[in-house]
Amino acid sequence: MRIVIAEDDALLREGLALLLRAEGLDVVATAGTPDEALAAVDAHKPDVAILDVRMPPTHTDEGIVTAVEARRRRPDLAVLVLSAYVERSFATELLTGGVSGLGYLLKERVGRVEEFLDALHRVAAGGTAIDPEVVAQLFTRSHQDTRLDRLSPRERDVLALMAEGLGNTAVAERLVVTEGAVHKHIRSIFAKLDLSPTDRVDRRVAAVLRYLEDPRRPA
């Protein structure tokens, strides 16, 4: 796995590079600005770019803009975004688009090495990794989707883990059930939320969005 890291905090940038190299991963370049990050992506053609959301010069959404541009230049590039805070605009776009190879983690997750590496590998493999804290804070809307009331407590547990980007195997491991049981729960979730296999939408993403938009779910 070839990785480019873009982070303006030199201490965090180099610490992250050391961590990944110690795990046998190939950090081909590090960058402190958006321009440097894009130049590194062009030059090294990495498999994954790890980007800080807030970068120079304004420290607002430069990392998001850079991520979008990097994916435009290299559509197969996996992107893992790190943020000190929940940035609603990017996280919403990430989920709504239903795109693969994208992750969104809070920086505090880096210190939990096993979880961080799991998310990195998941994103590199084309999956999605959403920080549980991001899932817990993302959406609040006054509208309530009463179809969620149809779900059993275990189905809501499954849907909450789906919202973190976990696949069926990981959900099964987290809940200590069989993968077949998870598959059965997901089929039931789709049916209860009126998500037809003939719909021209990603049913998994649609189910997750309905869950996240429910203001009654536990924080």
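What comes next is a walk through the structure. None of these values were measured; they are calculated from a predicted model. (Residues numbered from 1 in each chain as written. Predicted model: local features only at pLDDT ≥ 70, side-chain atom pairs only at ≥ 80, totals over all residues. Heavy atoms only, no water.)

### Topic: the overall build of the protein chain
Here's step 1: Across its full length, the protein chain holds 10 helices and 6 strands.
Here's step 2: When the 219 residues of the protein chain are sorted by exposure, 47% land in the buried category.
Here's step 3: Across the protein chain, contacts joining residues at least 24 apart in sequence account for 67% of those joining residues at least 6 apart.
Here's step 4: For the protein chain, the exposed surface amounts to about 10600 Å²; the carbon and sulfur share of it is 52%. (Helix = DSSP H or I, 4+ residues; strand = E, 2+ residues; numbered from the N terminus. Buried < 20%, exposed > 50% of the residue type's maximum accessible area, 1.4 Å probe, protein only. Contact = heavy atoms within 4.5 Å. Areas by Shrake-Rupley, 256 points an atom, 1.4 Å probe, with all protein chains shown as cover.)

### Quick look at unusual backbone geometry
Here's step 1: A cis geometry characterises the amide bond from Pro56 onward to Pro57, with omega recorded as 5°.
Here's step 2: Within the secondary structure layout, Pro57 lies in the loop between β3 (48-52) and α3 (62-73).
Here's step 3: The phi angle at Lys45 is positive, at roughly 50°, despite the residue not being glycine.
Here's step 4: With respect to the helices and strands, the residue Lys45 is situated in the loop between α2 (34-44) and β3.
Here's step 5: You will see that His59, though not glycine, has its phi angle at about 55°, which is positive.
Here's step 6: Among the structural elements, His59 can be located in the loop between β3 and α3.
Here's step 7: Relative accessible area serves as the criterion here: at 36%, His59 is assigned to the partly exposed category.

Note that all results are geometric; they support no functional claim without further evidence.
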